[in-house]
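Residues per chain are reported as follows:
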Amino acid sequence: MALALGPAEVVHNDIAVIAMKDGRWPEAETELRAELTLNPGYGTAEYNLAIVLRREGRMTEACEAVKRAIERSLESDEGAKAERDRDCAP
């Protein structure tokens, strides 16, 4: 319904956040990937994708997603950097 109301920019991310709150990780991943297709520079969507991938136990992919999030728009976010260090640890 949200997509029908207007521009899709960041709507997929918002839908993903709702899915994440309900533990619907595959649905959240689908929405986040749709967001990143429309808005590839959106670091928040990459960060949320990293959270989803971590919850699914896909640590290599989570590491890459959090790195992209920091590169794209979260370079000063110390929390994101701490998650990168944790997710990307050998």
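Given the structure is predicted, the values throughout are model-derived calculations rather than measurements.

K.L.:
Help me understand the side chain of Asn48, please; the structure alone is not making it clear to me.
P.N.:
Mapped onto the secondary structure, Asn48 falls in helix H4 (residues 43-55). Residues within four places of Asn48 in sequence aside, it is in contact with Asn13, Val17, Met20 and Leu32.

K.L.:
Before we go on, may I ask you to explain the pattern of salt bridges in this structure?
P.N.:
Oppositely charged side chains are able to pair whenever their charged atoms sit close together. Considering all chains together, one arrives at 16 salt bridges under this definition. A salt bridge links Arg72 to Glu46; the nearest nitrogen and oxygen atoms lie 2.6 Å apart. Of this pair, Arg72 sits in helix H5 (residues 59-72) while Glu46 sits in helix H4; the two residues are 26 residues apart in sequence, bridging distant segments of the chain. Ionic pairing is found between Glu78 and Lys81, a salt bridge with its closest N-O pair at 3.7 Å.

K.L.:
Is there a simple way to explain the nonpolar core in this structure?
P.N.:
Side chains of nonpolar character tend, in soluble globular proteins, to be buried together. Membership of the largest hydrophobic core comes to 21 residues, with the highest contact counts inside it found for Met20, Ala28, Leu32, Tyr47, Leu49 and Val52. Going through the elements one at a time, helix H2 (11-21), helix H3 (25-38), H4 and H5 are the ones with two or more residues in this core. Here the element with the most residues in this core is H4; it accounts for seven residues.

Conventions and cut-offs
- Every chain's residues receive numbers from 1 upward, in the order its sequence appears when written.
- Reporting in this predicted model follows two pLDDT cut-offs: at least 70 for local features of residues, and 80 or more for side-chain atom pairs to be given and counted; totals over whole chains, interfaces and linings ignore these cut-offs and use all residues.
- Side-chain metrics rest on all non-hydrogen atoms present in the structure, leaving aside hydrogens and water.
- Where helices and strands are cited, they refer to DSSP runs of H or I of at least four residues and of E of at least two residues respectively, numbered from the N terminus.
- Contacts between residues were defined by any pair of non-hydrogen atoms, one from each residue, lying within 4.5 Å.
- Salt bridges are defined by distance alone: a side-chain nitrogen of Lys or Arg within 4 Å of a carboxyl oxygen of Asp or Glu.
- Note on terminology: a nonpolar core comprises buried Ala, Val, Leu, Ile, Met, Phe, Trp, Tyr and Cys residues joined through side-chain atoms within 4.5 Å.
- Per-residue accessibility, obtained with a 1.4 Å probe over protein chains only, is compared with the maximum for each type, and a residue is labelled buried under 20%, exposed over 50%, and partly exposed between these values.

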